Amino acid sequence: MLKAPKIQPKTAKFLAFLGLGLILVAFLVYSYRFIERTSFEVDGERYYALFDDAMISMQYARNLAGGNGLVWNAGGERVEGFSNPLWVFFMAFFHLFPIASSQISLALQISGAVFLLANLLIVWRLASEYLEDLWAPLLAVLLTAFYFHLNNWTLQGMEVGLLALLLSAATWLALRAWKAKPFSFWPYMFLAIGTLVRIDMVVPLVVLTAFFAWKDEKNRKRHLGWGLGLLAGSLIVQTGLRLWYYGEWLPNTYYLKVIGIPLIDRIQRGLSVFGDFVWGSGWFLIVLPLLLLALWPEPPTLLFFALLLGQIGYSIFVGGDAWEHKGGANRFIALAMPLFFLLFVQTLDKVRRALLQKKLGKWAQLIGHGVLGAIVLASLFSFNIINENDAVAKWTALKRPIFVAGTQRYVTLGLLIQEITDEQAKVAVVTAGNIIYFAERAGIDMLGKSDKVIARSQPHDSSGSFNNVDEIFRPGHNKWDYQRSIVELAPDIVAQIWGSSREMAPYLQAGGYEYFEIDGFPLYIRVDSEHVLWDIVNSRITPASE
Amino acid sequence: MNSRLYQVGFVVLLVLYAAYGLAFIQRTAITADGGQMHALFDDAMISMQYAKNLAHGDGLVWNPGGAPVEGYSNPLWVLMMAGIHLFPIALTQTSFYVKLLSLLFLLLNIVAIKLLAEQITENKLVPLLAAFLTAFYFPLNNWSLQGMEVGLEALLLSTALLSGVMALKRKKFSPWPYILLGVAILLRMDAAAPALAATAAFAWPDEKRRRDHLVWGLGAVAITLGGLTLFRVAYYGDWLPNTYYLKLGGVSTILRISLGLRRFWDFVWSSNWVLFALPLAMPALDKRKILWPLYGVFLSQVAYSIYVGGDAWEHTGGANRFIAAVMPVFFILFAHTLGRLQDLVLANIKSRSSWVAPVTQGFLALFAGLSLTSFNTLLVQDSIAKWTLREKPVFTESVERYALMGLALREVTTEEATIAVVTAGNIPYFSERAAIDLLGKNDPVIAHGPAHINSSLFEPGSYRPGHNKWDYAYSIGVLQPDVVAQIWEGTDEEAAPYLVNYELYVIDGIPYYFREDSPNVLWDLIPPQE
């Protein structure tokens with residue numbers, strides 16, 4: 001009878017390291033391919049650009065690096081239209097170098113890949129602390145490495161990868177310190193840095209503090225002191241700087257997303273989109289780790305659950321994200337998904353152990369591991385589902401990822417606007433990132449992220465339900481005021497419209513705008529504008545027959 | 001769970017299901033001329049057409065007086081339908097009784113599933129969960145309550161397994177499983193696949209009675225298939241049904257199997273693959289050989305479905321007709337797996353409080369409820385609304401259209417008229433006119449002809465079993481129907497040269513081509529065209 005191979009512990013450890021190496025190399029190849037897939041050519045030049053929200057931060061970063069202050073429009077009003085200050089500073093750093101605007105996003109994308117790679121190493125260490133089986137950490141790393149949503153947000157320029165790294169690192173250090181018993185302030189330090197990257201990181205900071213204050217009785221005071229102290233410090237510093245620089249207590253995005261939107265609407269939408277996420281990911285896989293709570297509620301498991309539930313709770317509280325219609329984990333949940341994967345692998349491994357008692361032979365154990373690996377691989381497909389055609393092709397970078405088609409359009413439009421206007425032109429936009437960044441013109445943000453007046457206005461009516469969550473509201477996308485953005489601020493070009501053109505028409509008429517289709521882009525141009533290069537416009541008008 | 005609660009729970013389930021079934025039937029009713037009529041899924045109406053002709057003394061044929069062609073694959077079901085036509089029931093109501101009979105079979109099947117589950121486990125939650133999942137499984141209900149033989153096939157397979165497992169447990173031989181499987185083959189020939197699988201699965205573990213199993217099992221298959229073949233040769237002059245040539249001829253086996261695999265994968269994926277994979281844990285949880293027949297019957301139907309390239313309506317999602325019939329068996333395995341996992345959970349929980357067992361049972365019930373929602377997720381929009389009857393079930397709108405087309409064509413044609421159709425059930429049945437089957441289910445010329453397939457490995461393209469053969473030069477050019485009621489989707493250009501002598505008229509919003517020189521069209525009754 002064929003005997004199952006017996007692997008010596010040393011060899012097994014070597015093989016595990018080899019497996020890790022292979023995953024990391026595969027991840028690097030994947031990242032390279034992914035980033036390449038997000039680039040495109042405009043007029044023969046290759047462009048790299050980020051997801052539009054990240055490009056808003058890039059616009060602030062460029063102005064900061066260019067000595068124009070932390071503002072959206074150089075020389076414009078000071079409005080805090082970002083919620084990721086440290087990330088904006090990080091972006092500004094790259095703008096200190098003479099890098100072409102078509103290439104600078106690549107630097108951010110590469111740094112995103114580096115953060116993700118570092119996160120994989122931390123997840124490996126964390127998994128090795130947490131999981132009992134020698135091979136199981138590989139599976140957790142594999143799931144994290146090829147989780148589309150974490151990769152997509154990060155490699156398209158959002159701060160999610162860095163936040164995931166900080167959260168994983170804080171969790172790992174906290175767990176290691178707790179096991180070894182000495183107190184460490186580093187977990188709190190990492191999360192405090194996280195709050196500077198994005199203020200929402202106060203959630204895991206509070207959760208971690210509360211958890212260890214509960215579980216580590218001996219060091220309770222130190223946990224509370226460091227956790228709450230750093231939390232207060234970070235909030236005070238940020239608020240102080242905001243008051244000094246912007247004259248505001250809260251960021252403009254807070255007013256935009258919270259004022260006028262009832263808590264019940266936010267929670268309704270948050271629950272609904274979370275339900276969609278769970279259902280879309282094959283709900284059983286998402287709820288499976290709850291078995292750990294029932295059967296093996298060990299402290300590390302409880303910690304991971306607490307951190308994960310903190311992020312889920314926050315996502316529900318704020319009504320989810322603005323791009324939930326794409327499916328998958330939103331930015332708030334994606335950063336905690338590595339912790340979910342640890343719980344997921346732990347559950348499967350515990351069940352495997354329970355099903356295959358030790359008395360069974362080596363073959364059964366080997367097959368058990370094989371089945372475990374196969375389930376994890378198949379699950380990866382479920383976790384990477386998006387609400388679009390060719391989801392697998394987009395995940396595997398056989399096709400270009402979601403958002404890229406929009407990015408390309410906005411970049412091309414920005415370059416076109418630069419061509420047909422002079423430097424004093426003002427452009428009204430809906431997507432306030434790429435167009436303004438590449439047009440290098442002053443922008444008017446019709447959805448109010450960088451406009452205090454609109455951010456403080458009441459949202460437009462909504463009549464949505466659980467069946468159509470984007471009709472309840474779309475965070476940051478439900479306030480506009482055409483009277484202000486078009487008639488009062490009088491942009492030279494209205495580059496995009498939001499909602500129906502019928503609603504906008506009277507304001508365009510009152511402002512003296514005419515419709516032009518240039519290079520296929522529909523634009524409303526103020527006919528008396530002195531900042532529009534009319535000769536070029538007239539030569540580029542798309543004939544009606546097209 | 002105490003015994004009384006268990007039995008009451010089951011009775012409540014049956015009552016709820018009966019109410020659901022009646023509501024379902026009501027949801028498929030058609031309002032016409034101020035009254036209510038009933039019709040079945042179009043393929044079932046083809047069988048109804050044969051049944052009507054048989055009951056009226058015209059023989060087992062599609063068109064009275066027409067050539068004998070075996071355009072059905074469910075002989076016993078056709079006979080049962082013919083029985084209904086022996087009663088003085090209006091054609092607009094016969095379908096109602098077919099639906100009602102199916103509801104009865106489905107109710108009996110739920111009872112059989114509960115009894116079968118009781119044979120394999122002591123855990124009382126398992127039979128209840130299996131019965132619940134079976135009762136409210138949309139594809140099984142939809143196929144059955146819209147007139148297909150799937151409900152009866154499910155009942156025959158479940159009862160065959162029940163009697164076989166009971167005999168196995170008593171360590172006695174019983175011929176009943178094989179008699180019931182033989183009846184299933186008479187109902188639908190492809191039941192030979194689960195019959196053979198069940199025979200093997202009963203014979204293998206029962207060493208002492210292995211010979212009896214093999215003799216009865218193989219005998220039942222041989223006698224029924226042999227009997228059907230003899231009848232076919234004698235009556236239709238053919239060794240195989242026309243549907244065999246139609247579906248299997250002209251399509252490579254490799255392509256068919258690859259498409260069958262693709263269809264099966266789509267079904268599993270859309271119903272949540274993890275839930276389907278769950279019973280795979282069963283060999284680790286329960287190694288008893290008594291489960292083998294259940295695995296055998298379920299897997300044989302899946303294999304058969306893959307072998308024939310799936311069904312023609314896979315685009316709607318959910319279990320096709322072949323797999324839907326054995327989904328109750330799957331539900332037993334699924335519920336049994338959950339029961340065993342519950343045991344595992346209870347064994348690992350240190351607390352021995354009295355609330356632990358009821359709480360885990362509650363979780364399992366909740367889990368089964370959520371799973372049912374996954375199993376009932378189709379590829380069509382609003383599938384949950386269709387399952388819960390907030391919207392009409394799938395196929396109902398097209399059935400209504402075809403039935404009303406049939407009634408409309410009866411009004412504007414004489415009894416001698418011939419009508420070319422794509423959907424060969426409702427229109428011929430309600431128009432009561434001779435029909436020409438453009439897709440060849442009832443036309444050996446088309447069925448033996450080449451298939452139009454633009455599919456590749458694992459990419460279904462236009463492939464739909466039984467819907468890939470047509471020849472307008474023959475069906476319209478040679479046979480010259482008085483009316484062309486339908487053209488197969490995407491073939492308008494191909495049909496156009498043969499419709500030059502036809503005039504397009506729209507009646508009640510539906511376009512028909514009438515042959516310009518037809519004496520069998522009541523031209524005065526055709527409404528004026530805008």
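Residues numbered from 1 in each chain as written. Chains lettered and ligands numbered in written order. Predicted model: local features only at pLDDT ≥ 70, side-chain atom pairs only at ≥ 80, totals over all residues.

**Focus: the overall build of chain A**
The number of helices and strands found in chain A is 26 helices and seven strands. Against the globule reference of 24 Å for 546 residues, chain A gives a C-alpha radius of gyration of 25 Å, in line with a compact fold. With respect to the three principal axes, the spread of C-alpha positions in chain A is 85 × 55 × 50 Å. In chain A, buried positions account for 46% of the 546 residues. Pairs at least 24 residues apart make up 70% of the contacts formed inside chain A by residues separated by at least 6 positions. (Helix = DSSP H or I, 4+ residues; strand = E, 2+ residues; numbered from the N terminus. Rg over C-alpha atoms; globule rule 2.2 N^0.38 Å. Buried ≥ 20, exposed ≤ 12 C-beta atoms within 10 Å, placed from the backbone. Contact = placed C-beta atoms within 7 Å.)

**Let's talk about the overall build of chain B**
Looking only at helices and strands, chain B features 24 helices and seven strands. The C-alpha radius of gyration computed for chain B amounts to 24 Å, which stays within 12% of the reference 24 Å derived for 530 residues, consistent with globular compactness. Along the three orthogonal principal directions, the C-alpha set of chain B runs to about 85 × 50 × 50 Å. Each of the 530 residues in chain B was classed as buried or not, and the buried ones make up 49%.

**Observations regarding the sheet that holds strand β7 (residues 510-515) of chain B**
All names here are of chain B. The strand order across the open sheet built from five strands is β4-β3-β5-β7-β6, with neighbouring strands paired in mixed fashion. Single-partner strands in this sheet number two, and they are β4 (434-437) and β6 (502-507). Bridge count for strand β5 (residues 483-484) against β7 is two bridges, and the pairing is antiparallel. From the neighbouring strand, V484 faces β7, where its bridge partner is Y513. (Pairing = 2+ DSSP bridges.)

**Some points on unusual backbone geometry**
Non-glycine residue D43 of chain A carries a positive phi angle of around 50°. Residue classification places D43 of chain A among the exposed residues on the basis of 7 C-beta atoms within 10 Å. Despite not being glycine, Q480 of chain B shows a phi value in the positive range, around 50°. Mapped onto the elements, Q480 of chain B comes out in the loop between α23 (472-478) and β5. The exposure class of Q480 of chain B is partly exposed, given the 16 C-beta atoms found within 10 Å.

**A short note on the interface of chain A and chain B**
Interfaces are often sized by the accessible area lost when the parts come together. Of the residues lining the interface, 10 residues belong to chain A; the matching set on chain B comes to 12 residues. Those elements that provide at least two residues to the side of chain A that touches chain B are α13 (283-287), α14 (290-295) and α17 (337-355) of chain A. Considering every element that reaches the side of chain A that touches chain B, the biggest residue donor is α13 of chain A, with three residues.

**Some points on the sheet that holds strand β5 (residues 493-494) of chain A**
All names here are of chain A. Spatially, β4-β3-β5-β7-β6 is the arrangement adopted by the five strands of the open sheet, whose pairing is mixed. Only two strands of the sheet have a single partner each, and these edge strands are β4 (442-445) and β6 (513-518). Pairing of strand β3 (residues 426-429) with β5 involves two bridges; the strand directions are parallel. Bridge pairing in β5 links V427 to I493.

**Notes on the nonpolar core**
Ranked by size, the top nonpolar core spans 147 residues in total, and within it L129, A335 and V483 of chain B carry the most contacts. The biggest single contributor to this core is helix α7 (residues 150-170) of chain B, with 11 residues. Once residues within four sequence positions are removed from consideration, A335 of chain B is found in contact with A117, V126, L129, A130, L133 and A368 of chain B. Core analysis: the next-biggest nonpolar cluster, separate from the first, contains 145 residues, Y48, A174, F438 and Y513 of chain A among them. (Core = buried A, V, L, I, M, F, W, Y, C linked by C-beta atoms within 7 Å.)

**Quick look at helix α1 (residues 9-37) of chain A**
An α-helical turn contains 3.6 residues, so a residue and the one three or four places further along point in the same direction. Given a rise of 1.5 Å per residue, 29 residues ought to cover 42 Å, and the 41 Å separating the end C-alpha atoms of α1 of chain A matches this to within 8%. Among all positions in α1 of chain A, only F27, S31, F34 and I35 of chain A are buried. (Expected span 1.5 Å × (residues − 1).)

**Thoughts on the environment of Y314 of chain A**
Residues and elements named next belong to chain A. Mapping Y314 onto the fold places it in helix α15 (residues 299-317). It is 28 Å that separates the C-alpha atoms of Y314 and P137, two residues lying 177 residues apart in sequence. Setting aside chain neighbours within four positions, we find Y314 in contact with D200, V203 and F332.

**Here we look at the pairing of β7 of chain B**
For a regular strand, the rule is simple: side chains alternate between the two faces of the sheet. Looking at chain direction, β6 of chain B and β7 of chain B are connected through six bridges and run antiparallel. Bridge pairing in β7 of chain B links Y502 of chain B to R515 of chain B.

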